[in-house]
Amino acid sequence: MNAGTIHQGWATRLREFSSRNAGRSTRLEIDHDELGAQWLEVALTLRGVGVDPRDGRVEIMLDDGERAGAHLTHSIRAVTDVAVLAGADGRDQVLRIAHPGGQSLLTLV
């Protein structure tokens with residue numbers, strides 16, 4: 001399987017995830033072997049998640065609809081896996097983006 005095929009599957013999965021969850025409140029955590037676990041944000045709203053077709057980078061776009069200009073785009077290179085974890089009620093709970101040395105976890109609140 002070539003990289004384009006893998007990324008196309010991720011793009012579809014992330015587009016569907018974004019459609020289901022846009023507007024939900026989030027917490028974004030990065031876990032890295034060298035840095036440990038760190039929160040990047042704990043109260044922004046999901047706008048969307050996508051794959052840059054040029055290099056396969058996954059971008060998580062968040063903002064605060066109440067404050068103009070308050071936003072965050074977390075860009076993840078060298079992605080090795082994309083997974084969506086659902087809660088017992090079937091709703092999406094966590095988006096996990098794996099990369100060498102760690103992962104980024106977007107928890108939906």
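The structure contained in this document is the topic of the report that follows. Please read these numbers as outputs of a predicted model, since none were measured by experiment.

Here is what the cut-offs are and how they apply
- Residues numbered from 1 in each chain as written.
- Predicted model: local features only at pLDDT ≥ 70, side-chain atom pairs only at ≥ 80, totals over all residues.
- Heavy atoms only, no water.
- Pairing = 2+ DSSP bridges.
- Helix = DSSP H or I, 4+ residues; strand = E, 2+ residues; numbered from the N terminus.
- Axes fitted to C-alpha atoms, helices over the stretch in contact; angles between N-to-C directions.
- Contact = heavy atoms within 4.5 Å.
- Salt bridge = Lys/Arg side-chain N within 4 Å of Asp/Glu carboxyl O.
- Core = buried A, V, L, I, M, F, W, Y, C linked by side-chain atoms within 4.5 Å.
- Buried < 20%, exposed > 50% of the residue type's maximum accessible area, 1.4 Å probe, protein only.

### What about the sheet that holds strand β2 (residues 36-41)?
Then step 1. Overall, antiparallel pairing links the five strands, which are arranged β2-β1-β8-β7-β6 in an open sheet. Two strands in the sheet have a free side with no partner beyond their single neighbour: β2 and β6 (81-86). Neighbour to neighbour, the strand axes of the sheet diverge by 20° on average, direction disregarded.

### Some thoughts on the sheet that holds strand β5 (residues 71-76)
Then step 1. Pairing is antiparallel across the open sheet formed by three strands, whose spatial order is β3-β4-β5. The open sheet terminates on both sides in strands that have one partner only, identified here as β3 (45-51) and β5. Ignoring strand direction, the axes of neighbouring strands in this sheet form an average angle of 15°.
Then step 2. When strand β4 (residues 58-63) meets β5, the two strands line up antiparallel, connected through six bridges. Paired with isoleucine 60 across the strands is histidine 74, a residue of β5.

### Some words on the side chain of serine 18
Then step 1. Its location among the elements puts serine 18 in helix α1 (residues 3-21).
Then step 2. In contact with serine 18, not counting residues within four places along its chain, are Gly48 and Val49.

### As for the pattern of salt bridges
Then step 1. In this structure the tally under the stated criterion is five salt bridges.
Then step 2. As a salt-bridge pair, aspartate 92 and arginine 20 come within 2.7 Å of each other at their nearest N and O atoms. With aspartate 92 in strand β7 (residues 92-99) and arginine 20 in helix α1, this residue pair connects regions lying 72 residues apart in the sequence.

### A closer look at the nonpolar core
Then step 1. Core analysis: the biggest nonpolar cluster contains 19 residues, and Val49, Leu95 and Leu106 have the highest contact counts within it.
Then step 2. Mapped by element, the contributors of at least two residues to this core are α1, β3, β4, β7 and β8 (102-108).
Then step 3. Sort the elements by how many residues they give to this core and α1 lands first, with four residues.
Then step 4. With residues near it in sequence (within four places) discarded, leucine 95 still touches Leu14, Phe17, Val49, Val82, Ala83, Val84, Ser104, Leu105 and Leu106.

### Some points on the environment of valine 58
Then step 1. Checked against the element boundaries, valine 58 lands in strand β4.
Then step 2. Measuring from C-alpha to C-alpha, the distance between valine 58 and leucine 35 comes to 20 Å, with 23 residues separating the pair along the chain.
Then step 3. The residues contacting valine 58, other than those within four sequence positions of it, are Leu14, Val49, Gly50, Val51, His74, Ser75, Ile76, Val79 and Ile97.

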